[in-house]
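# Descriptive structure summary
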Amino acid sequence: MLVKPIPQVEESPKSLLSRYASGNFYPSVRLALGVREENSRNSRGFLFGGLNEVKHFASQLEGSMQVDLEKWFYGQAAGFTDESPVIWNGCEVPWDFFIPSRVRICPCCIGHGIVHQSADFGFFSSCPIHRVKLHDVCGGCKRSIQWSHGSIDRCLHCDFQFKALEEVPVSRPSENLVMDWVRSGDKESFNRCMSFLRALRSFYSKEVFQSGVLLDVAVKLSQGQAAGLLELLAPLYPPGIVPHRLILAPLFLSCGSDSEDIKNKLAALFPGVVRRSGSGGSNPSPGKQHLRVHEVEFALNISSQTRRKLVEHGFLNDAQKLNGLRQVATASVIKFFSLLNGSMIQSVTSPMEKWDRFGASVLNNTLLVSQGKATLNLHDWSNGCAGLWIKPIVKNPRSKPDGLLNINDFAKAANTYPDAIRRVVKAGIVSPDPRENSKAGAGFTPETVESFCKQYCFSSEIAQQTQMGRTIISAVLSSVGIEPISGPKVDGALVPLYKRSDLEGLDVRALIEKKEYKSNAGRKKEGTVLYDSETWMASKEVSAILDFCPLELSSAVSQGYLKVGVPDGRESDNHRYYLRTSVEAFRQLIDSAIPISKVPEKLGISKTEFYKRFVYSNFVQIMKVGKQSWLPAEDFLRAEQDCQLYVGTETATKLTGAPFRHFQNLINTDRISKVSSSETITATCFNLIRRRDIAIHAVKAPGSQLKAGLTDEVESRSLKIS
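Residues numbered from 1 in each chain as written. Predicted model: local features only at pLDDT ≥ 70, side-chain atom pairs only at ≥ 80, totals over all residues. Heavy atoms only, no water.

## Points about the overall build of the chain
- Across its full length, the chain carries 34 helices and 22 strands.
- Looking at the chain residue by residue over its 722 residues, the buried ones come to 45%.
- For the chain, the accessible area works out to roughly 38400 Å², and carbon and sulfur atoms hold 49% of it. (Helix = DSSP H or I, 4+ residues; strand = E, 2+ residues; numbered from the N terminus. Buried < 20%, exposed > 50% of the residue type's maximum accessible area, 1.4 Å probe, protein only. Areas by Shrake-Rupley, 256 points an atom, 1.4 Å probe, with all protein chains shown as cover.)

This is the structure:
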């Protein structure tokens, strides 16, 4: 007669089955239960009681000892994959945290001949009963410990007694709290903690996860606590200047839209840095050697494009890919922070208007800082690079000892703008001194500047003397045959430039008073007819009618919806004029069209189905102008008619309340045939079924009921669409 083990409180099914095998002198659990080898390759059947042999074993124990083995065997949530959550005393544990094939040993528990259930879940680093470290390798041969080969109290390879493993004290209050949640069946607290833990797991290495630090963090986040988080995570980072924003980035990104309260608490901790020293012994837990790219972008508050540029110039270093995701070396990010932090000054004595925002051009400003050509103001890093201010380090120009004038001095003497001087230099009208002819700091001798001002003058100088606008001055001079040698219509220069010899003896003010010149500048008299308003419309009027911005109007013109031109009797200028007939036709088209955001709801389908079914197959054409999109009325009618005949598999599932992917499974098993592209082109990119097949193949989902009057609902839905 076989010896039946007595289940202990919170004993792992691995321990129970192994004790049964070793107590009856079987070399493995499979042979003890009589399971065929091809059925034993997956541990789920043993631990979840899915195998018939395990069910028979459980029924024998329940019958002879009056015990409920559901407390010792785990369950698994319903799903279409083998990695559905594990049910542990009513609480759902993500499959990633479950350890099915190996076993971890508590030296104290194994002294009583059992393994506690908590050892089966990776987020426990210690035994919550005895508060000592869990061991997953043999103390003798250092091999991983298996549970399916009979005895679990000694090593299969070297016969090492596991009760001799070192009892390393561990204090993890968070693990004890999680165990209390499981015992009391507090699913809400447990599931919230697991949600945070699973999100955090993707940001850290396996070693960090197994150390128990992430569970401490997840418990605090699930309880809405932010105190102590920096102290837990800061030791994971390499030596250097580590901003709080970098440390807290994974936590902030792990919070969903329903965690705004904890996000606000985390944001309050962003100011400040942690100065990690290289001397001080080893870290208490494994380090964080790599960062995910969006973690870096959040910490620095930069775009992905800026991050790529920093990588190209060597300020950040790409690291190995994890599961196909690109990573960045943590040490390079710390070095980047240290570079910027080393260029900061402790106090700002000059007014802030002399400083520029660092985030406006992160790469260029970083290059300046690395070359020692700029300084930054003291910053708490709460807003990343976007909160920094930069100021170039101004060195004494070499031109001063030589008596040379720079661009600004030249512009002031010529009564114009510095860019206007750069234009005339580029045109070859004036040349800088050969001793100082670099692009960044051109120098001019006083004699060159004086000679230029005697030969030429800018229209801005004439406008200042006559108190008139530059545009009118150019029109006045053109009316008497005087044209500039440089200007907007000559070489693209900003300000027109004239020869003083052409202006000698000319009374510009008298010409202005005669008003014999033609200019579009200035306010027109009331009642002046500029164009035929019955045929043409100005941009401002069109924008008001269509509620479009200038960019959207340009987009409509480029797509041919609006026609532009020059009205009769009016010269081409910077204004656009639209044919009234095209504006009215486009307005009618928009009024009859359906905004694209409302189309899926009107058709009774999802947004994904609409795009895959109708847009990607070119069944309909979307009108897109700027950020606004519509579906023409004719295309909408065609889509409605198609929906009367056919329906997507996901829509059919929602309509009938059937299990997930029910109709897709019917197609895969050839119980119904999907619609072919020869019947409708919309079936090219999306799986469709005929509406008449819905009610025939609808089934009841587990734990739910079919919607009442399903056939009537399908018919009424079709009538509603039609």
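## Considerations on the sheet that holds strand β17 (residues 577–579)
- Strand order in the open sheet formed by three strands is β15-β17-β16, with antiparallel pairing between adjacent strands. Looking at the sheet topology across the chains shown, the edges are occupied by β15 (536–538) and β16 (564–565).
- In terms of strand pairing, β15 meets β17 through three bridges, oriented antiparallel. Of the residues in β17, the one forming a bridge with Trp 536 is Leu 579.
- The strands that helix α25 (residues 539–546) touches are β15 and β17; relative to β15, the one it contacts most, it runs at about 85°. (Pairing = 2+ DSSP bridges. Contact = heavy atoms within 4.5 Å. Axes fitted to C-alpha atoms, helices over the stretch in contact; angles between N-to-C directions.)

## Topic: helix α19 (residues 418–426)
- Listed in full, the buried residues belonging to α19 are Ala 420, Ile 421 and Val 424. Along the axis of α19, the buried positions cluster into a sector of 100°, meaning they face one direction only.
- Buried residues belonging to α19 abut α18 (407–414), α20 (446–455), β13 (456–458) and β14 (497–499).
- Of the residues trailing α19, Gly 428 is marked for its positive phi of about 85°. (Arc of directions from axis to C-beta.)

## Some words on the packing of aromatic side chains
- Under the counting rule described, the total for this entry stands at 26 aromatic pairs.
- With 6.5 Å between their ring centres and 55° between their planes, Phe 160 and Phe 162 make a pair best called tilted.
- Overall, the relative accessible area of 22% leaves Phe 160 in the partly exposed class.
- Here Phe 452 and Tyr 456 contribute two aromatic rings whose centre-to-centre distance is 5.1 Å and whose plane-to-plane angle is 35°, an arrangement assigned as tilted. (Phe/Tyr/Trp six-rings, centres within 6.5 Å; stacked < 30°, edge-to-face > 60°.)

## Points about the packing of helix α14 (residues 304–312) against helix α16 (residues 362–370)
- The N-to-C vectors of α14 and α16 enclose an angle of 35°; their axes lie 9 Å apart at closest approach. Facing Thr 306, Lys 309 and Leu 310 of α14, the residues of α16 in contact are Val 362, Leu 363 and Thr 366.
- A per-class count over the contact of α14 with α16 returns three nonpolar, two polar and one charged. (Nonpolar A, V, L, I, M, F, W, Y, C, P; charged D, E, K, R; others polar.)

## A few points about the packing of helix α6 (residues 173–184) against helix α7 (residues 187–201)
- Two numbers describe how α6 lies on α7: the axes approach to 8 Å, and their chain directions differ by 135°. Between α6 and α7, the angle falls in the class oblique. Crossing handedness for the pair α6 and α7: left-handed. Taking contact as the criterion, the partners of Val 178, Trp 181 and Val 182 in α6 are, on α7, Ser 189, Phe 190 and Cys 193.
- Tallied by class, the residues present in the contact of α6 with α7 amount to five nonpolar, one polar and no charged. (Parallel < 35°, antiparallel > 145°, perpendicular 65-115°, else oblique. Left-handed = near helix turned anticlockwise from the far one by under 90°.)

## Notes on the side chain of Glu 609
- One can find Glu 609 in helix α29 (residues 607–615).
- Polar contacts involving the side chain of Glu 609 include one to the main-chain amide nitrogen of Gly 648, which spans 3.3 Å.
- Not counting chain neighbours up to four residues away, the residues in contact with Glu 609 comprise Phe 614, Val 647, Gly 648, Thr 651, Phe 686 and Leu 688. (Polar contact = N/O pair within 3.5 Å; in protein donor to acceptor, adjacent residues only side chain to side chain.)

## As for the pairing of strand β11 (residues 374–377)
- Going residue by residue along β11, you find Ala 374 and Leu 376 tucked away on one face and Thr 375 and Asn 377 tucked away on the opposite face as well.
- In terms of strand pairing, β11 meets strand β12 (residues 389–392) through three bridges, oriented antiparallel. Bridging across to β12, Thr 375 finds its partner in Lys 391.

## Here's the deal with the nonpolar core
- In terms of nonpolar packing, the biggest core is built from 113 residues, with Phe 123, Tyr 204 and Leu 251 touching the most fellow members.
- Excluding residues within four positions of it along the chain, Leu 251 makes contact with Leu 200, Tyr 204, Val 217, Leu 221, Leu 229, Leu 233 and Leu 266.
- Counting 16 residues, the second-largest nonpolar core is a separate cluster that includes Met 537, Leu 553, Val 557 and Ala 593. (Core = buried A, V, L, I, M, F, W, Y, C linked by side-chain atoms within 4.5 Å.)

## Here we look at the environment of Pro 418
- Turning to its location among the elements, Pro 418 is positioned in helix α19.
- The sequence separation of Pro 418 and Asn 406 amounts to 12 residues, and the corresponding C-alpha distance is 9.5 Å.
- Excluding residues within four positions of it along the chain, Pro 418 makes contact with Ile 407, Asn 408 and Ala 411.

## Observations regarding the environment of Gly 45
- Along the polypeptide, Gly 45 turns up in helix α3 (residues 44–47).
- Note: C-alpha distance between Gly 45 and Lys 55 (10 residues apart in sequence) is 9.7 Å.

## A few points about the sheet that holds strand β18 (residues 594–595)
- Across the sheet, three strands lie side by side as β18-β20-β19; this open sheet has antiparallel pairing. Strands with a single pairing partner mark the edges of an open sheet, and in this sheet they are β18 and β19 (623–625).
- The pairing of β18 with strand β20 (residues 628–631) spans two bridges and is antiparallel. Across the sheet, residue Pro 595 finds its bridge partner in β20, namely Trp 630.
- Where helix α27 (residues 580–592) meets the sheet, its contacts fall on β18, β19 and β20, and the angle it forms with β19 comes to roughly 115°.

## Some details on the confidence of the model for the chain
- Residues of the chain with pLDDT of at least 70 account for 83%, and the chain-wide mean is 80.
- Confidence scores differ between elements of the chain, with helix α34 (residues 710–721) showing the lowest mean pLDDT of 44 and β18 the highest of 92.
- For the stretch residues 280–285, pLDDT sits under 50, and the model shows six contacts to residues farther than four places along the chain or on other chains.
- Note that residues 699–722 has pLDDT below 50 and, in this model, 39 contacts with residues that lie over four places away or in other chains. (pLDDT = per-residue confidence, 0-100.)

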